[in-house]
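Spelled out from the first residue to the last, the chains are:
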Amino acid sequence: AGAALLVLLSSLNLAQRGLSSIRPARHGPSEDVPWLTPQVSQASHQREALVHASRQREALVHEIERRLAPALNNETKEAVRFLVQHMPAEDLQLDPGFFAENVRLALDARRKYADRWLAPWPVFLNDALPYASLTEPRDNWRPKLLPHMAKLVEHCLDDECAALVLNRASWRIVDPPIKFVAAPPNEINSYGPFQTMERHNSSCTGLSIFLVDALRSVAIPARVAGTPHWRKGKAVCPDGDASPECGNHNWVEAFILGEWHFIDQHGLLDALDKGWFFPADTNLQTHNDHSMNHSIYSTTWAPPHELLRVARPYYAHFAPAPHFPLAWDWDTRSIQGWETVKWYHSKASAYAGLSHPDKSYF
């Protein structure tokens with residue numbers, strides 16, 4: 001039985017997700033061996049929960065493949081398995097048809113633009129295929145966004161053109177166009193793309209998610225980036241992290257022209273790697289072994305260590321983070337993340353032609 005369990009877990013490659021996402025059941029003290037019995041019981045419940053989750057994922061893979069059967073090939077199978085393998089456990093209850101349509105449209109877009117931009121397969125799987133970025137509502141946005149965004153980028157010959165066009169024009173998918181409206185510090189006012197479209201506005205977080213989805217809809221890998229708190233010092237933020245000037249901020253990163261760039265979503269600068277926060281504010285951010293408050297992070301669908309193992313050339317400039325922190329929901333630690341602060345320091349150094357104090361990164 002033990003060998004069979006190991007085979008099952010290995011088949012889904014779930015070991016990297018660890019046991020941290022499973023809350024062990026609470027047990028009362030044992031009169032016989034109080035220090036042993038609860039631990040044995042907890043381990044048993046954890047193994048049972050892992051086996052159950054493994055079977056759920058495998059069943060979902062088979063059902064999605066069944067719905068895609070007329071056009072099922074090895075590429076589609078790999079995309080389905082990757083998506084399900086790394087999706088949050090709470091998403092396993094969603095309609096399999098939702099996932100099937102997401103995979104189909106994502107692969108259709110990849111084929112459609114293959115002669116103009118074609119991301120490496122591992123980067124496409126991790127950063128273009130996923131249907132969500134954070135904990136936003138699971139909107140079925142591809143059928144809505146793909147036709148609109150495809151028209152906007154039809155004249156573009158490369159993904160840089162497409163990304164800049166979408167950052168300028170994707171907001172006009174509704175009338176009046178989507179605009180920025182600040183949320184209170186460490187809060188969100190609109191989260192999912194359909195909420196943002198219905199409200200015609202959002203804060204930086206909702207705008208980031210919307211632009212990520214717009215880019216992904218035309219097969220451009222993209223992810224949400226951000227910082228929980230700016231580190232501007234007492235002169236600017238007398239109340240520290242509680243000062244509005246040192247609140248959280250989110251923006252977008254995209255894989256364009258064969259490498260990662262950041263985009264100031266809905267920004268006024270029609271260029272990659274430019275924004276009001278760069279380089280002055282990003283240079284103030286720093287890694288801290290004891291706090292995630294003042295660094296910079298970006299999202300990832302698969303665990304960072306796995307990507308560094310199988311796709312290192314595309315992610316070598318980033319460090320695995322414990323998770324992607326949500327400033328409005330610190331208790332949520334289920335979003336996989338990179339720590340990218342040193343990457344921003346290096347970009348700033350190259351931009352300014354200066355050496356940054358943190359020059360041991362490469």
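Scroll up for the structure.
Predicted, not measured: the structure shown is a model, and the values here were computed from it.

S.K.: Would you mind showing me how to read the packing of aromatic side chains here?
M.R.: Both the distance between ring centres and the angle between the ring planes are used here to describe each pair of aromatic rings. By the definition in use, this model includes 25 aromatic pairs. On the basis of an interplanar angle of 45 degrees and a centroid distance of 6.2 Å, the ring pair of Trp 260 and Tyr 315 is categorised as tilted. With a gap of 55 residues between them, Trp 260 in strand β5 (residues 259-263) and Tyr 315 in helix α11 (residues 312-315) connect regions that are remote in the sequence. Like Tyr 315, Trp 260 is buried. Aromatic pair Trp 343 and Tyr 344: ring centres 5.0 Å apart, planes at 80 degrees, arrangement edge-to-face.

S.K.: Explanation requested: the environment of Gln 265 in the structure shown.
M.R.: As for its placement among the helices and strands, Gln 265 is situated in the loop between β5 and β6 (297-299). The contacts of Gln 265, once residues within four sequence positions are left out, are Asn 167, Trp 171, Cys 204, Leu 207, Ser 208, Leu 211, His 249, Asn 250, Trp 251 and Val 252. Within polar-contact distance, the side chain of Gln 265 engages the backbone oxygen of Cys 204 at 3.2 Å. There is a polar contact of 3.2 Å between the side chain of Gln 265 and the side chain of Ser 208.

S.K.: Got a minute to help me understand the state of the cysteines in this structure?
M.R.: A covalent bond bridging the sulfur atoms of two cysteines is what the word disulfide describes. Summed over the entire model, instances satisfying the criterion amount to two disulfides. One disulfide bridge connects Cys 156 with Cys 161, the sulfur atoms lying 2.1 Å from each other. The S-S bond linking Cys 156 to Cys 161 shows a torsion near -60 degrees; that makes this disulfide left-handed. The disulfide that involves Cys 237 links it to Cys 246, with 2.0 Å between the sulfurs.

S.K.: Just checking my understanding: could you explain the nonpolar core for this structure?
M.R.: The tendency in soluble globular proteins is for nonpolar side chains to be buried as a group. Counting residues in hydrophobic clusters, the biggest one holds 95 residues, and the most contacted among them are Phe 124 and Leu 215. Broken down by element, this core gets its largest block of residues, eight residues, from helix α4 (residues 96-112). Excluding anything up to four places from it in sequence, Leu 215 contacts Ala 163, Leu 166, Ile 220, Ala 222, Val 252, Ala 254 and Ile 263.

S.K.: Help me understand the layout of surface pockets, please; the structure alone is not making it clear to me.
M.R.: It is a probe the size of a water molecule, rolled over the atoms, that shows where empty space is left. Roughly 420 Å³ of volume is contained in the second largest pocket. Contributing to the lining of the second largest pocket are 23 residues, with Phe 180, Cys 204, Asn 248, His 249 and Trp 276 lying nearest its centre.

S.K.: It is not clear to me how the side chain of Asn 250 should be interpreted in this structure. Could you clarify?
M.R.: Tracing the backbone through its elements, the reader meets Asn 250 in strand β4 (residues 249-256). With relative accessibility at 3%, the residue Asn 250 sits in the buried group. In this structure the side chain of Asn 250 is engaged in a polar contact, spanning 2.6 Å, whose partner is the side chain of Thr 205. Reaching out from Asn 250, the side chain makes a polar contact with the backbone oxygen of Ala 225 at a distance of 3.1 Å. Those residues within four positions of Asn 250 in sequence are excluded, and the remaining contacts are Cys 204, Thr 205, Ser 208, Val 224, Ala 225, Gly 226, Gln 265, Phe 324 and Trp 328.

S.K.: What should I look at first to understand empty space enclosed by the protein in this one?
M.R.: Here the structure, examined in full by the defined rule, presents two cavities of 30 Å³ or more. Of the pockets and cavities examined, the largest cavity occupies roughly 140 Å³. As for the largest cavity, its lining consists of 17 residues, and the residues nearest its centre are Ser 133, Thr 300, Trp 301, Ile 335 and Gln 336. Taken together, the residues of the lining of the largest cavity sort by class into six nonpolar, seven polar and four charged. Among the secondary structure elements, those contributing two or more residues to the lining of the second largest cavity are β3 (222-227) and β4. Classifying every residue of the lining of the second largest cavity gives five nonpolar, five polar and no charged.

S.K.: Mind showing me how you'd approach the pattern of salt bridges here?
M.R.: As a working rule, side chains carrying opposite charge can pair if their charged atoms are close by. One pass over the structure, following the stated rule, counts 14 salt bridges. Across the pair Asp 91 and Arg 138 runs a salt bridge, and its minimum N-O distance is 3.0 Å. Here the residue Asp 91 occupies a position in the loop between α3 (74-86) and α4, and Arg 138 occupies one in the loop between α5 (121-127) and α6 (142-152), the gap between them amounting to 47 residues. Arg 111 is the salt-bridge partner of Asp 108, the closest N and O atoms lying 2.8 Å from each other.

S.K.: How should I be thinking about the environment of Asp 270 in this particular structure?
M.R.: Looking at where Asp 270 falls in the secondary structure, it is placed in the loop between β5 and β6. Ignoring anything within four residues of it in the chain, the contact list for Asp 270 reads Leu 164 and Arg 168. At 2.8 Å, the side chain of Asp 270 and the side chain of Arg 168 are in polar contact.

What counts and what doesn't
- Residues numbered from 1 in each chain as written.
- Predicted model: local features only at pLDDT ≥ 70, side-chain atom pairs only at ≥ 80, totals over all residues.
- Heavy atoms only, no water.
- Phe/Tyr/Trp six-rings, centres within 6.5 Å; stacked < 30°, edge-to-face > 60°.
- Helix = DSSP H or I, 4+ residues; strand = E, 2+ residues; numbered from the N terminus.
- Buried < 20%, exposed > 50% of the residue type's maximum accessible area, 1.4 Å probe, protein only.
- Contact = heavy atoms within 4.5 Å.
- Polar contact = N/O pair within 3.5 Å; in protein donor to acceptor, adjacent residues only side chain to side chain.
- Disulfide = S-S within 2.5 Å.
- Core = buried A, V, L, I, M, F, W, Y, C linked by side-chain atoms within 4.5 Å.
- 1 Å grid on protein atoms, 1.4 Å probe; cavity = no way out; pocket = protein on both sides within 12 Å on 5 of 7 lines; lining within 4 Å.
- Points joined across faces, edges and corners; volume = space filled by probe spheres on them.
- Nonpolar A, V, L, I, M, F, W, Y, C, P; charged D, E, K, R; others polar.
- Salt bridge = Lys/Arg side-chain N within 4 Å of Asp/Glu carboxyl O.

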